[in-house]
Structures are given as structure tokens and as C-alpha cells.
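# Architecture at a glance
The primary structure of each chain is shown beneath.
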Amino acid sequence: QVQLVESGGGLVQAGGSLRLSCAASGSIDSIDAMAWYRQAPGKQRELVATITRGGTTTYTDSVKGRFTISRDNAKNTVYLQMNSLKPEDTAVYYCGARRWGRAWYEYWGQGTQVSVSS
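Residues numbered from 1 in each chain as written. Predicted model: local features only at pLDDT ≥ 70, side-chain atom pairs only at ≥ 80, totals over all residues. Heavy atoms only, no water.

### Examining the sheet that holds strand 3 (residues 18-26)
An order of 1-3-8-7 is seen for the four strands of this open sheet, with the pairing classed as antiparallel. A single partner strand is all that each edge strand has here, and the edge strands are strand 1 (2-7) and strand 7 (67-72). Across the sheet, the mean angle separating the axes of adjacent strands is 15° when strand polarity is ignored. With six bridges connecting them, strand 1 and strand 3 associate as antiparallel partners. By the bridge assignment for strand 3, Glu-6 is matched with Cys-22. (Pairing = 2+ DSSP bridges. Helix = DSSP H or I, 4+ residues; strand = E, 2+ residues; numbered from the N terminus. Axes fitted to C-alpha atoms, helices over the stretch in contact; angles between N-to-C directions.)

Right, here's the structure in full:
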């Protein structure tokens, strides 16, 4: 089992920045990739960014150039640096973890709210 705890959400004005953190514990060696998803009210959960253990990253188009995902393997923590925030970035952000050999993310944190005011 893997436990994930997110932190760092909050309220910020458009154009501002926030950094989210996701601390992992438990069977860390079983994890290959981690990701940030978000879910806005009335919308489906959306994949925002992913990072593999080796450091390969992907981003959804709407956040490219504004968000940066990174990981500190020594601290078992993944970060999402969010710059130039827009009101449409408002959502609950979830951290997910994927085991080696799996195609889906099966471990999830409790979520952290990000609200961007115009």
C-alpha cells in the first residue's frame, strides 16, 4: 500500500503562483510514476502532469509553460509548481501514484483545493 498526502493549496489571485506537494509513504519502491490530476466543479477529473521515477514528464496542453512537475526521490515527494495561474485552474488537485507495470493510477491523496480569483 501507498499513502499520499497533498498540501499547498489555497486562494490566489490570477497571475499568482502556488506550489503543491505530495508526500508518499508505504511501499514506495513499488511506484513507477506519479501524477497530478484536478477536478473542477461539474467536470471530470483531468490529468494535469506526470513524472516517472526517471524524471520523464508530461503535461496537458493547458498548463504547458506555466506548471512544472518535479520529484525528490530522497524525500518521496512530488511537487507541482504553478505559475501564471488563471481562474480556470480552480479545482481540487489530487496526487496519484502508479505501480510498475500498471497503466492506471491506483493510489490517491485526499486532494487540496486551489482557487484562483480574477
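There is more to say after this.
### Topic: the nonpolar core
Inside soluble globular proteins, nonpolar side chains tend to come together where they are buried. Of all hydrophobic cores here, the largest spans 29 residues; its most connected members are Leu-4, Met-34, Trp-36, Leu-80, Met-82 and Tyr-93. Contributing elements (two or more residues each) for this core: strand 1, strand 3, strand 4 (31-39), strand 5 (46-52), strand 7, strand 8 (77-82), strand 9 (91-99) and strand 11 (112-117). Beyond its immediate stretch of four places on either side in the chain, Tyr-93 contacts Glu-6, Leu-20, Trp-36, Tyr-37, Arg-38, Val-48, Phe-67, Leu-80, Met-82, Gly-111, Thr-112 and Val-114. (Core = buried A, V, L, I, M, F, W, Y, C linked by side-chain atoms within 4.5 Å. Buried < 20%, exposed > 50% of the residue type's maximum accessible area, 1.4 Å probe, protein only. Contact = heavy atoms within 4.5 Å.)

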